[in-house]
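Secondary and tertiary structure notes
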Amino acid sequence: MSSSTIPNSFDDVTDFVVNRGNGVTGLVDSGIQKVPERYILPPQQRFDLTKVVSQDPILIIDVSNWDDPEVIKSICEASGKWGFFQIINHGIPLQVLENITDAAHSFFGLPNEQRSKYYKGASPSETVFLATSFSPQAEVALEWRDYLSFQYIPGNDQASALWPPVCKDEVLEYMKKAEIVIKNLLQVLLQGLNVKDFDRDTQHTLMGSPRIYLNYYPKCPNPELTAGVGPHSDISTITVLLQDDIGGLYVRGIEDDTWIHVPPIKGALVINIGDHRVVANKIKNRVSVPIFVNPAPDAVFGPLPESGEIPIYKQLVFSDYFNFYFSKPHDGKKTIDYARI
């Protein structure tokens, strides 16, 4: 693309990236030399490296024995204190993890016209779509991220029939392996809340509609001006995240407005319940693969009576909470106020 056709104005960038389905990947492919205005955060919202703290690194837990009382204790304590931890020896082969990150690079390495066939609203299948940023119509500044989203329906081959061939098999292979890890994690967390049964109804409520994203953060000419992903908490029951070796994930510290870097560990999975953000990279294209372990759309969820705590949140239908979450920009944990009694 010649320099004369590179979109520059606020409206032109919005049209090129969002309306025409090129995403930020297409914008980078066009040859931009600086971050367009549409991606520049107000100064007070930019990531401040002086807020990064090094004490209390995120816990790394060996889960080779899920029944070990020390493993159960570590998972529950890390979930309560940080909302984040990493697991190793989880049983998913390293080759499967490498295959899925390679597949992400393969998809986003396709020409724009091949990627955009899957753009949200034009995709050949309801179970896969390509999108950009988080909520483009509501955001002050777009996030420096595109993602390919898959709805995983176990045992339904038809649901994945029209997924992109360049990454279909790798996504399915990873999800089948990860499903075992997810069930083990949820069972441990439920034990910590005095819930002993992990029956079909409970699984429907906690993990009835999982989604997997291939996140892509193309190299950014001015990463200090923008956000890979702004501060937020995921809507899922839990998120199981595979990082590549680039780094850029930060979780909120215990002290207000402090952040802790989550270093990439080969073969590890990041388990995410808390606040986090992602910083773009100037030198390399970054990928990550989160599995959002979502309740089923019709699932009713809320405080568990077995916990013995006085509830401060009401029962909600997940689809209502989901629609509210995506109706506005990222806003840390404030979204949960929607559920307060």
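Residues numbered from 1 in each chain as written. Predicted model: local features only at pLDDT ≥ 70, side-chain atom pairs only at ≥ 80, totals over all residues. Heavy atoms only, no water.

**With respect to the pairing of strand β10 (residues 269–272)**
- Alternating residues of β10 divide into Leu269 and Ile271 and Val270 and Asn272, and every residue in both groups is buried.
- Here 4 bridges tie strand β2 (residues 84–88) to β10, and the two strands are oriented antiparallel to one another. In the strand pairing of β10, phenylalanine 84 is matched with asparagine 272.
- Looking at chain direction, strand β7 (residues 238–243) and β10 are connected through 3 bridges and run antiparallel. (Buried < 20%, exposed > 50% of the residue type's maximum accessible area, 1.4 Å probe, protein only. Helix = DSSP H or I, 4+ residues; strand = E, 2+ residues; numbered from the N terminus. Pairing = 2+ DSSP bridges.)

**What about the sheet that holds strand β1 (residues 60–62)?**
- With respect to topology, 8 strands assemble into an open sheet ordered β1-β2-β10-β7-β12-β5-β4-β3, the strand pairing being mixed. What marks the edges here is a single partner per strand, and that holds for β1 and β3 (128–132). Each neighbouring strand pair of the sheet contributes to a mean axis angle of 25°, computed without reference to strand direction.
- Note that β7 and strand β12 (residues 286–293) share 6 bridges and pair antiparallel. Its bridge partner lying in β12, valine 240 is registered against isoleucine 291. (Axes fitted to C-alpha atoms, helices over the stretch in contact; angles between N-to-C directions.)

**Section: the pattern of salt bridges**
- Under the criterion given, the structure shown has 3 salt bridges.
- As a salt-bridge pair, aspartate 15 and arginine 20 come within 3.7 Å of each other at their nearest N and O atoms.
- Judged by relative accessible area, which is 51%, arginine 20 ranks as exposed.
- In this structure, arginine 115 and aspartate 29 form a salt bridge, with 3.5 Å as the shortest nitrogen-oxygen distance. (Salt bridge = Lys/Arg side-chain N within 4 Å of Asp/Glu carboxyl O.)

**Things to note about the pairing of β2**
- For β2, the tally of buried residues reaches 4 of 5 residues, placing the bulk of the element in the interior.
- As judged from the 3 bridges shared by β1 and β2, these two strands associate in the parallel manner. Along β2, the bridge assignment pairs isoleucine 60 with glutamine 86.

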